[in-house]
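Letter by letter, the chains look like this.
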Amino acid sequence: MPTRRKSAAAIRSQQTRFLVFFGAIVALVVLTVVAILPAAKPADDLPLCVEDQDPVQFQELQQLRPEGDGWSEGLASAYSLETNDGWDETASGIPLNNYSLTVAVPQENKDLLGCSIEIFYAGKTVEAKVTDTGALAPLGRALDLSPATWRAFGATSISDWGVRGVFYRFVTE
């Protein structure tokens, strides 16, 4: 029995339906990720700008301690899409981007994936979500901040942030 071939118009119609369906799925995934992760808010008080403008005030800001219980002290580095080994891949499966307040923790703490964390630095507190892990412990670091997170503290680049001492605590929801 001879097979019946589809016309070019029927094939284009089928391809168009597939692309519309695929586009809708991609849009749904992007909207879900944006809804799950906290959005970066512009920094009202930019402590890193004070570092250049008024070193004495900056020293005072660095001496500030967060209020409340449960804070740990540690070093925080910065990373981005360009410096992340897997580009936008993270241990949680949520893609790394430049706009969501997220952090990475040492690989040994992978059980913290999905947790919220408060980070305090120079008088400012930023809340982020743990979405990644990394080889931080051998470097003596407790956190690796995503672009939106280090920008929320006023840094303009990874090198601007460098590695800084911060206070942090995990938030129970």
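Each remark here, short or long, concerns the structure printed above.
Residues numbered from 1 in each chain as written. Predicted model: local features only at pLDDT ≥ 70, side-chain atom pairs only at ≥ 80, totals over all residues. Heavy atoms only, no water.

Looking at the overall build of the protein
Going by this rule: By the criteria applied, helices consist of DSSP H or I runs no shorter than four residues and strands consist of E runs no shorter than two, each listed in order from the N terminus. Burial here depends on accessible area, computed with a 1.4 Å probe over protein chains only, as a share of the maximum for the residue type. Under 20% is buried, over 50% is exposed, and the range in between is partly exposed. In this description, contact between two residues means that some pair of their heavy atoms is separated by no more than 4.5 Å. Computed with a 1.4 Å probe, the accessible areas rest on the Shrake-Rupley method; for each residue, only the protein chains presented here act as cover.
When helices and strands are counted, the protein shows five helices and six strands. Along the protein, helices (α) and strands (β) appear in the sequence α-α-α-β-β-β-β-β-α-α-β when read from the amino end. Taking all 173 residues of the protein together, the buried fraction comes to 36%. Long-range contacts, defined as pairs at least 24 residues apart, comprise 77% of the intrachain contacts of the protein with a sequence gap of at least 6. Summing over all exposed atoms, the protein offers an accessible surface of approximately 10,700 Å²; the carbon and sulfur share of this is 56%.

Some thoughts on the pairing of strand β2 (residues 102-106)
Here is the key point about a regular strand: its side chains alternate between the two faces of the sheet. Operational definition: Note on pairing: two strands pair once DSSP finds at least 2 bridges between them.
When you tally the buried positions in β2, you get five out of five residues, the bulk of the element. As defined by bridge partners, β2 adjoins strand β4 (residues 124-134) across five bridges and the pair is classed as parallel. Considered in β4, the bridge of Val105 is made with Thr133.

A few points about the layout of surface pockets
Short version of the rule: Only protein atoms enter the calculation, which uses a 1 Å grid: trapped sets of points that fit a 1.4 Å probe without letting it out are cavities, open sets showing protein on both sides within 12 Å along at least five of seven lines are pockets, and any residue with an atom within 4 Å of a point is a lining residue. Grid points are joined across faces, edges and corners, and a volume is the space filled by probe spheres set on the points. For this scheme, ten residues count as nonpolar: Ala, Val, Leu, Ile, Met, Phe, Trp, Tyr, Cys and Pro. Four count as charged, namely Asp, Glu, Lys and Arg, and the remainder, Gly too, count as polar.
Roughly 270 Å³ of internal volume is contained in the largest pocket. In this structure, the largest pocket is lined by 15 residues; those nearest its centre are Asn84, Asp85, Asp132, Thr133 and Gly134. Its residues assigned to classes, the lining of the largest pocket comprises five nonpolar, six polar and four charged.

Things to note about unusual backbone geometry
Unusually for a residue other than glycine, Ala122 sits at a positive phi of about 50 degrees. Here Ala122 lies in the loop between β3 (116-121) and β4.

Brief notes about a nonpolar patch on the surface
Our working definition: Only residues above 30% relative accessible area that lack a salt bridge enter a patch, with like-charged residues linked at up to 9 Å and the nonpolar side chains Val, Leu, Ile, Met, Phe, Trp and Tyr linked at up to 5 Å. Think of a salt bridge as a Lys or Arg side-chain nitrogen and an Asp or Glu carboxyl oxygen that are within 4 Å of each other.
Nonpolar side chains collect at one region of the surface, where Phe18, Leu19, Phe22 and Val26 lie side by side and expose about 420 Å² of accessible area between them. Of note, Phe22 is situated in helix α1 (residues 8-36). Judged by relative accessible area, which is 49%, Phe22 ranks as partly exposed.

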